[in-house]
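Structure assessment
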Amino acid sequence: MSVQIDEGVVMEVPFVDATPQNLEDYGVMITETVHRPGLSIPFYKGSVEEGQNLDFEYTGKAVIRTARISHRSPEITWLERHLNMTQIFVGLGTAPFAMVLGKPNQNSGQNVPRLEDVCAFKVPAGQGVMIHAGTWHDFPMAIVDPVTVLTMNSDEVVHALAHAKSADEMDAGDVYKIDIRRRTGRILKVPF
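Residues numbered from 1 in each chain as written. Predicted model: local features only at pLDDT ≥ 70, side-chain atom pairs only at ≥ 80, totals over all residues. Heavy atoms only, no water.

**Side note on the overall build of the chain**
Summing up its helical and strand segments, the chain has 3 helices and 16 strands in all. Its C-alpha atoms give the chain a radius of gyration of 18 Å, within 12% of the compact-globule value 16 Å for 192 residues. Along the first, second and third principal axes, the C-alpha set of the chain runs to 70 × 35 × 30 Å. Considering the chain as a whole, with its 192 residues, one finds that 41% of them fall into the buried category. As presented, the chain carries roughly 10500 Å² of accessible surface, and 50% of it is formed by carbon and sulfur atoms. The average position of the 17 basic charges and that of the 24 acidic charges among the side chains of the chain differ by 3 Å. (Helix = DSSP H or I, 4+ residues; strand = E, 2+ residues; numbered from the N terminus. Rg over C-alpha atoms; globule rule 2.2 N^0.38 Å. Buried < 20%, exposed > 50% of the residue type's maximum accessible area, 1.4 Å probe, protein only. Areas by Shrake-Rupley, 256 points an atom, 1.4 Å probe, with all protein chains shown as cover. Lys, Arg positive; Asp, Glu negative; His and termini not counted. Charge placed at Lys NZ, Arg CZ, Asp CG, Glu CD.)

**Notes on the side chain of Thr 135**
Residue position: Thr 135 is located in the loop between strand 10 (128–131) and strand 11 (136–137). Residue Thr 135 is classed as buried on the basis of its relative accessible area, which comes to 0%. A distance of 2.8 Å separates a polar side-chain atom of Thr 135 from the backbone oxygen of Tyr 26. (Polar contact = N/O pair within 3.5 Å; in protein donor to acceptor, adjacent residues only side chain to side chain.)

**So, the sheet that holds strand 1 (residues 10–12)**
Read across the sheet, 3 strands follow the order 1-16-5 without closing on themselves; strand pairing throughout is mixed. On the outer flanks of this sheet lie strand 1 and strand 5 (75–76), each paired with one strand and no other. (Pairing = 2+ DSSP bridges.)

**A short note on the packing of aromatic side chains**
Each pair of aromatic rings is reported with the distance of its centres and the angle of its planes. Scanning all chains against the criterion turns up 5 aromatic pairs. Taking the centre distance of 5.1 Å and the plane angle of 35° together, the rings of Phe 56 and Tyr 58 count as tilted. Residue Phe 56 is classed as partly exposed on the basis of its relative accessible area of 23%. Look at Tyr 58 and you get partly exposed, because its relative accessible area is 37%. (Phe/Tyr/Trp six-rings, centres within 6.5 Å; stacked < 30°, edge-to-face > 60°.)

**Regarding the environment of Thr 151**
Checked against the element boundaries, Thr 151 lands in strand 13 (residues 147–154). Of the residues examined, Thr 151 reaches a relative accessible area of 0% and is grouped as buried. C-alpha separation for the pair Thr 151 and Ile 88, spaced 63 residues apart in sequence, amounts to 5.5 Å. Not counting the four nearest positions on each side in its chain, Thr 151 is found in contact with Val 63, Ile 64, Arg 65, Ile 88, Phe 89 and Phe 139. (Contact = heavy atoms within 4.5 Å.)

**What to know about a nonpolar patch on the surface**
Taken together, Leu 39, Ile 41, Phe 43, Tyr 44 and Val 48 make up a surface patch of nonpolar side chains, about 500 Å² in accessible area. Leu 39 gets classed as partly exposed once you look at its relative accessible area, which sits at 32%. (Patch = residues over 30% accessible without salt bridge, like charges linked within 9 Å, V, L, I, M, F, W, Y side chains within 5 Å. Salt bridge = Lys/Arg side-chain N within 4 Å of Asp/Glu carboxyl O.)

**With respect to the sheet that holds strand 4 (residues 62–69)**
Read from one edge of the open sheet, 5 strands run 3-10-7-13-4, paired in antiparallel fashion. Every other strand in the sheet has two partners, leaving strand 3 (27–30) and strand 4 as the edge strands with one partner each. Taken pair by pair, the neighbouring strands of this sheet meet at an average axis angle of 20°, ignoring direction. Bridging between strand 7 (residues 88–92) and strand 13 involves 5 bridges; their strand directions are antiparallel. Note on strand 13: the bridge partner recorded for Ile 88 is Met 152. (Axes fitted to C-alpha atoms, helices over the stretch in contact; angles between N-to-C directions.)

This is the structure:
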């Protein structure tokens, strides 16, 4: 038995090239340009351009790890947010990757993303994004070719996700993860 989906329920997520300007409401783009250059460290003057610290925030212990992602279904089942962390994703290698992001809305008391603010950003190979606390997001997606992504988050978040009994909604360890269709009645799809 198959379920019929009303086409009005399906929402195509816009897919755009990530730039520092179009990502600013969602996070900070990490590129080959030094982030806020000018940090004065007296060693290696003239050969090293130092940048200011990225405003990476987390609770407890920081965790840095990698994940290999392959192409998957274009339907976005899950979006999650972290209120106490500014998570970082950086693509390694030669393939771009996509980040599906929704603007933070926790200050307005909302527990679901504003779907009109959800966008898929194509992040160039070797670049990344540090999402703001509260930014709705799915795990990075491969656009065509597999890509390895360096992630920086907190032990609290990794522990909560790794100890989930099943793939279901959760609200634990600074992970608030929702099933988009269950919560909004809409199906989000990316065009790749």
